[in-house]
Amino acid sequence: MFYTYIIRSKEKNIFYKGMTIDPEKRLWEHNNNLSRYTAGKGPWSLVYVKKFESKHEALMEEKRIKRLKERSLQNLINSPENIVLSFS
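Undergrad: Would you mind going over the overall build of the protein with me for this structure?
TA: Of the regular secondary structure elements, the protein holds three helices and three strands. Scanning the protein from its N terminus toward the C terminus, one meets helices and strands in the order β-β-α-β-α-α. Taking 88 residues into account, the globule formula puts the C-alpha radius of gyration at 12 Å, and the protein, at 12 Å, falls close to it. For the protein, the spread of C-alpha atoms along the three principal axes comes to 30 × 25 × 25 Å.

Take a look at the structure:
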C-alpha cells in the first residue's frame, strides 16, 4: 500500500504534503527533524491520510494536493475519504 498524507504544524501554521508507505513512521521522521524541509518547523500532526494500491496513484494524488489552497486543503481534511483516524 501507498499513502498520501498531510501534516500540519500549528505553531508555524503550515502544511506539508507527501507520499509514503508508512504514515506513522514518516510523521516520526518529520517530528525528529529527519526531513530537510520540515526540520525545525514542528511539532507536526497527521491531519490527512489516503490509501492507494499503486505508487503511481499516490504520486499523482500528492502532486494534485500540493497545488491546493488552504481552503481546499481544509475541505479535503474534513472529507470522508480521510482515513487519518485509523493511524491515531
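Next comes the rest of the account.
Undergrad: Help me understand the nonpolar core, please; the structure alone is not making it clear to me.
TA: Side chains of a nonpolar character, in soluble globular proteins, are inclined to be buried together. Y3, Y5, I7, Y16, L27, W44, L46, V49 and V84 form the largest nonpolar core, which has nine residues in total. Only β1 (2-9) and β3 (44-52) provide two or more residues apiece to this core. Discounting residues that sit within four places of it in the chain, I7 has contacts with I14, F15, Y16, L27, H30, T38, W44, S45, L46 and V47. Counting eight residues, the second largest nonpolar core, distinct from the first, contains F15, V47, L76 and I77.

Undergrad: Looking at this model, I keep getting lost on the sheet that holds strand β2 (residues 14-20). Mind explaining?
TA: Read from one edge of the open sheet, three strands run β2-β1-β3, paired in antiparallel fashion. Two strands in the sheet have a free side with no partner beyond their single neighbour: β2 and β3. Strand-to-strand twist in this sheet, taken as the mean axis angle between neighbours without regard to direction, amounts to 20°. Of the pairings in the sheet, the one linking β1 to β3 comprises eight bridges and is antiparallel in character. Residue R8 lies in a different strand from β3, and its bridge partner there is S45. Of the strands in this sheet, β1, β2 and β3 are in contact with helix α1 (residues 23-31), which crosses β3 at around 150°.

Rules used in this analysis
Residues numbered from 1 in each chain as written. Predicted model: local features only at pLDDT ≥ 70, side-chain atom pairs only at ≥ 80, totals over all residues. Heavy atoms only, no water. Helix = DSSP H or I, 4+ residues; strand = E, 2+ residues; numbered from the N terminus. Rg over C-alpha atoms; globule rule 2.2 N^0.38 Å. Core = buried A, V, L, I, M, F, W, Y, C linked by side-chain atoms within 4.5 Å. Buried < 20%, exposed > 50% of the residue type's maximum accessible area, 1.4 Å probe, protein only. Contact = heavy atoms within 4.5 Å. Pairing = 2+ DSSP bridges. Axes fitted to C-alpha atoms, helices over the stretch in contact; angles between N-to-C directions.

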